[in-house]
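# Per-entry structural report
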Amino acid sequence: MNVILASHYGMCFGVRDALKATQEVAKEAPVTILGELVHNEVVNERLVSQGVQNGDLRNLASASTSSVVITAHGAADQDRNNWQDQGFRVVDTTCPLVHKAHKALATLVAKGAHPVVIGKPDHVEVRGLIGDFPGATVVFSDEDLQTLPEHAHYGVVSQTTQPIEFVSKLVQRMVKHFPGRKFEFIDTVCQPTKDRQNALKELCEKVEVLIVVGGRNSNNTHRLASTAESYGVTAHRVSRASDLDVQWLRGVTQVGVTAGTSTLQETVDEVCAALRLMT
């Protein structure tokens, strides 16, 4: 069995920098992360072992430390300001590309557009994007188009980890659904996500089975797996090497490996090593 690694995979610079900043603060004094720094069990277990605590972005009473961390997924300005106003030291590890999405949405609203965010409504990044715009509409399916209010001008951005192909097609359907309205779309899907999606397509042309390494509740990881399935490749998601099942590989000669943007390199290496032992 040949194990083929995707040309682009794993932890992106935004997550890497957020993790590094949090660990540096934790060395100085106790710190509370307001949510999950990243959607990855292996990373979160490591942070807990380093004494990092967890709190709730929307609950000022959830932190028992003087320092708190805004996660890589970002937050609304009002939430960030609430913590600062209460005297907390706020360490903001928001990914620069998420900041870019916030600025894009604010620019569209300043032009008079009704704010629209393509993404999962319960995702922490999406909640942060719409937090300063209570009237914003979140769209993730054709059914959600029915929730768009009547408006002459719509300003559209996307959750940064959504596939650009999915986002582009949904924008096209919005335009068709509301003929004669102005739709202004700013592409906020991040480059690391695009790179991993493109590399995934290339990989799926070579393999029979794909192993996607990443957190169980990671949107990025879920998307990689579901996209592979749409290409006709059987995909299995694992958090770590111990999640692998040899039954998945019976009769397989070409197996691919990719990883979500919150996955440590060492976890990918361990999964690849375990797969090679199964050959």
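Residues numbered from 1 in each chain as written. Predicted model: local features only at pLDDT ≥ 70, side-chain atom pairs only at ≥ 80, totals over all residues. Heavy atoms only, no water.

### Here's the deal with the overall build of the protein chain
What the protein chain contains, in helices and strands, is nine helices and 12 strands. Its C-alpha atoms give the protein chain a radius of gyration of 20 Å, within 12% of the compact-globule value 19 Å for 279 residues. When its C-alpha atoms are laid out on the principal axes, the protein chain stretches across 60 × 55 × 25 Å. Relative to its full complement of 279 residues, the protein chain shows a buried share of 52%. Intrachain contacts of the protein chain at a sequence separation of at least 6 include 72% that bridge at least 24 residues. If you sum the accessible surface of the protein chain, you get close to 12600 Å²; carbon and sulfur atoms cover 49% of it. Across the protein chain, 27 positive and 31 negative side-chain charges occur, with their mean positions spaced 4 Å apart. (Helix = DSSP H or I, 4+ residues; strand = E, 2+ residues; numbered from the N terminus. Rg over C-alpha atoms; globule rule 2.2 N^0.38 Å. Buried < 20%, exposed > 50% of the residue type's maximum accessible area, 1.4 Å probe, protein only. Contact = heavy atoms within 4.5 Å. Areas by Shrake-Rupley, 256 points an atom, 1.4 Å probe, with all protein chains shown as cover. Lys, Arg positive; Asp, Glu negative; His and termini not counted. Charge placed at Lys NZ, Arg CZ, Asp CG, Glu CD.)

### Some points on empty space enclosed by the protein
Per the stated rule, a full pass over the model turns up two cavities of 30 Å³ or more. The wall of the largest cavity is formed by 23 residues, among which V15, H73, T160, T161 and T261 lie closest to the centre. At the level of secondary structure, the elements contributing two or more residues to the lining of the largest cavity comprise α1 (13-28), α4 (96-110), α7 (191-204) and α8 (219-230). With three residues, α1 is the single largest residue contributor to the lining of the largest cavity. Computed from the structure, the second largest cavity encloses a volume of approximately 30 Å³. Here the residues of the lining of the second largest cavity sort into four nonpolar, two polar and no charged. (1 Å grid on protein atoms, 1.4 Å probe; cavity = no way out; pocket = protein on both sides within 12 Å on 5 of 7 lines; lining within 4 Å. Points joined across faces, edges and corners; volume = space filled by probe spheres on them. Nonpolar A, V, L, I, M, F, W, Y, C, P; charged D, E, K, R; others polar.)

### Some points on the sheet that holds strand β5 (residues 89-92)
The four strands are arranged β3-β2-β4-β5 in an open sheet whose pairing can be described as parallel. The open sheet is flanked by β3 (53-55) and β5, the only strands paired with a single partner. Strand-to-strand twist across the sheet, computed as the mean angle between neighbouring axes with direction ignored, equals 30°. Looking at chain direction, strand β2 (residues 31-34) and strand β4 (residues 67-70) are connected through three bridges and run parallel. Within β4, the position partnered with T32 by the bridge is V68. Contacting β2, β4 and β5, helix α3 (residues 77-85) crosses the sheet at an angle of about 145° to β5. (Pairing = 2+ DSSP bridges. Axes fitted to C-alpha atoms, helices over the stretch in contact; angles between N-to-C directions.)

### Concerning the packing of α7 against α8
Relative orientation of the contacting elements α7 and α8 amounts to 30°, with a least axis distance of 10 Å. Regarding the angle of α7 to α8, the classification is roughly parallel. α7 and α8 meet at a crossing whose hand is right-handed. Across the interface between the two elements, T193, R196, Q197, L200 and C204 of α7 pack against N220, R223, L224, T227 and A228 of α8. Considered class by class, the residues forming the contact of α7 with α8 number four nonpolar, four polar and two charged. (Parallel < 35°, antiparallel > 145°, perpendicular 65-115°, else oblique. Left-handed = near helix turned anticlockwise from the far one by under 90°.)

### Quick notes on the environment of Q53
Mapped onto the elements of the fold, Q53 is located in strand β3. Each C-alpha atom of the pair Q53 and I130 lies 26 Å from the other, and the pair is 77 residues apart in sequence. Here Q53 is in contact with P30, V31, T32, I33, S64 and T65, once residues within four sequence places are set aside. For Q53, the side chain forms a polar contact with the side chain of S64, separated by 2.9 Å. (Polar contact = N/O pair within 3.5 Å; in protein donor to acceptor, adjacent residues only side chain to side chain.)

### Points about the pairing of strand β9 (residues 182-185)
Note that strand β8 (residues 153-158) and β9 share four bridges and pair parallel. When the bridges of β9 are listed, H153 appears paired with K182. This β-α-β element, β8 to helix α6 (residues 164-177) to β9, shows right-handed connectivity. (Right-handed = clockwise from strand over helix to strand, strands pointing away.)

### As for the packing of aromatic side chains
Centre distance and the angle of the planes are the two values used to describe a pair of aromatic rings. The tally for this structure, following the rule as stated, stands at five aromatic pairs. Geometrically, the ring pair formed by Y154 and F178 is tilted, given 5.5 Å between the ring centres and 45° between the ring planes. Residue Y154 is located in strand β8, and its partner F178 is located in the loop between α6 and β9; the two are separated by 24 residues in the primary sequence. Exposure remark for Y154: the relative accessible area of 0% places this residue in the buried category. Following the ring pairs from residue to residue traces out a cluster consisting of Y154, F178 and F183. Between the NZ or CZ atom of R223 and the centre of the ring of F166, over which it lies, the distance is 4.5 Å. (Phe/Tyr/Trp six-rings, centres within 6.5 Å; stacked < 30°, edge-to-face > 60°. Lys NZ or Arg CZ within 6 Å of the ring centre and 35° of its normal.)

### Observations concerning the pattern of salt bridges
Using the criterion set out here, one finds 14 salt bridges in the structure. R89 serves as the salt-bridge partner of E28, at 3.5 Å between the closest nitrogen and oxygen. Separated by 61 residues along the polypeptide, E28 in helix α1 and R89 in strand β5 bring together distant segments of the chain. Taking the shortest distance from any N to any O, the salt bridge between K111 and E184 comes out at 2.6 Å. Placement of the pair is K111 in the loop between α4 and β6 (114-118) and E184 in strand β9, with a sequence separation of 73 residues. Classification of K111 as partly exposed rests on a relative accessible area of 49%. (Salt bridge = Lys/Arg side-chain N within 4 Å of Asp/Glu carboxyl O.)

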